[in-house]
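# Residue-level structural notes
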Amino acid sequence: MPKLDFETITLGHGSGGKLTNILLDSGVFEVLKNDLLDKRHDGAILDLKGKVAFTTDSFVVSPIFFPGGDIGELAVNGTVNDLAMCGAIPRYLSLSFIIEEGLPMTEFWSILLSIRDACLAAGVQVVTGDTKVVERGKGDKIFINTTGVGEVHPDAAIDLTRIEPGDKIVLSGELAAHGMAIMSVREGLEFESQIESDTQPLHHLAKELLDEVGNDIKLLRDPTRGGVATVLNEIARDRGLGVSIAQRDLPINEQVAGACELLGLDPLYVANEGLFLAVVAEEAVDLFLTKCHANPAGRFAKVIGTFTAQHPKKVVMTSGIGGKRVVSMLTGEQLPRIC
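Below is a summary of the structure that appears in this document. (Residues numbered from 1 in each chain as written. Predicted model: local features only at pLDDT ≥ 70, side-chain atom pairs only at ≥ 80, totals over all residues. Heavy atoms only, no water.)

## Some points on the layout of surface pockets
Looking at the largest pocket, its volume works out to about 530 Å³. What lines the largest pocket is a set of 30 residues, among which Asp222, Thr224, Arg225, Gly226 and Cys339 lie closest to the centre. Among the residues forming the lining of the largest pocket, the class breakdown is 14 nonpolar, seven polar and nine charged. (1 Å grid on protein atoms, 1.4 Å probe; cavity = no way out; pocket = protein on both sides within 12 Å on 5 of 7 lines; lining within 4 Å. Points joined across faces, edges and corners; volume = space filled by probe spheres on them. Nonpolar A, V, L, I, M, F, W, Y, C, P; charged D, E, K, R; others polar.)

## Some details on the side chain of Ser94
Residue placement: Ser94 occurs in strand β4 (residues 88–100). Judged by relative accessible area, which is 16%, Ser94 ranks as buried. Leave out the neighbours within four places in its chain, and Ser94 touches Thr128, Asn145, Thr146 and Thr147. (Helix = DSSP H or I, 4+ residues; strand = E, 2+ residues; numbered from the N terminus. Buried < 20%, exposed > 50% of the residue type's maximum accessible area, 1.4 Å probe, protein only. Contact = heavy atoms within 4.5 Å.)

## Things to note about the state of the cysteines
Applying the stated rule across the entire model yields zero disulfides. Of the cysteine sulfurs around Cys86, a residue in no disulfide, the closest is that of Cys339, at 16 Å. Of the cysteine sulfurs around Cys339, a residue in no disulfide, the closest is that of Cys260, at 16 Å. Given the relative accessible area of 12%, Cys339 is considered buried. (Disulfide = S-S within 2.5 Å.)

## Focus on helix α3 (residues 105–122)
In this model α3 runs 25 Å from its N-terminal to its C-terminal C-alpha over 18 residues, within 8% of the 26 Å that 1.5 Å per residue would give. Along α3, the residues that are buried comprise Met105, Glu107, Phe108, Trp109, Ile111, Leu112, Ser114, Ile115, Ala118, Cys119 and Ala122. Note on α3: the residue one or two positions beyond its end, Gly123, has a positive phi of about 75 degrees. (Expected span 1.5 Å × (residues − 1).)

## Things to note about the nonpolar core
Core analysis: the largest hydrophobic core is formed by 79 residues, its most contacted members being Phe97, Phe108, Ile142, Met180 and Leu268. No other element matches α3, which puts nine residues into this core. By size, the runner-up hydrophobic cluster in this structure holds 21 residues, among which are Met85, Leu209, Val213 and Ala297. (Core = buried A, V, L, I, M, F, W, Y, C linked by side-chain atoms within 4.5 Å.)

Rendered as structure tokens:
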């Protein structure tokens, strides 16, 4: 971190004047520099080809630093993954900070470095943004808003209306790691080994899958807030089909499962930040899984269920002992400020 005349963020850093320029020059512009951001204009002019995907997201996670990541890395990965779920290759991001007066500069600097590293790993550029400061007590350290733009893969045909009975449901990773990483910090829980967030960019894996089986991928979704159960209920409702899943097929880390049990949480409703749910044509699912398993981001991928004409608009799970129960959409707020 460069030597500065201040140790904390003040209201003056959001004034638009000298302090704002010092903060931006020594921090944001220096750490995230690229040809488009270096123009320091009110916006950015982008060079894109073909269909364009566009998304926006806001991040208010608490705590802002957690096992496996922080709010900065989460903001980049979350936005990149939203574009990947559209079948797009992410290219550019906007980045806006709402900072509470009194945030230590060391924490802001750490977040900037995480954003830089996440952008490098994802192959995206921050090209425009904004910084505001609110009075002490009017925020909670830092909130981040991002917007992402990407080019849609030529073989992508992501459309919920294409889902048919018999299509398979694939989960690309282990359930509930992010939500339980946050909750273990909040509740002061300790385990044999630390539970870490699964936050990671998924677009590299998504592109490989689209290259190989593009048209057979009917839908991609990232089950963040509300978890896998809520996403499956939304799809079943909107498509008018039933969903059958098997409890024994759900991939979950043993320690994460233990933490969920300890806190009385169903992992199907816990937020994820490093996996996706895919609906794949039955004839292509074996190749889809082979490609997933060859990539570290998809090494735990499993088929967890099937779409069916039976019990339309409902998600039904078969338990480990053969019983069946309806899995409803999440009601209320299970884990507030999880992302």
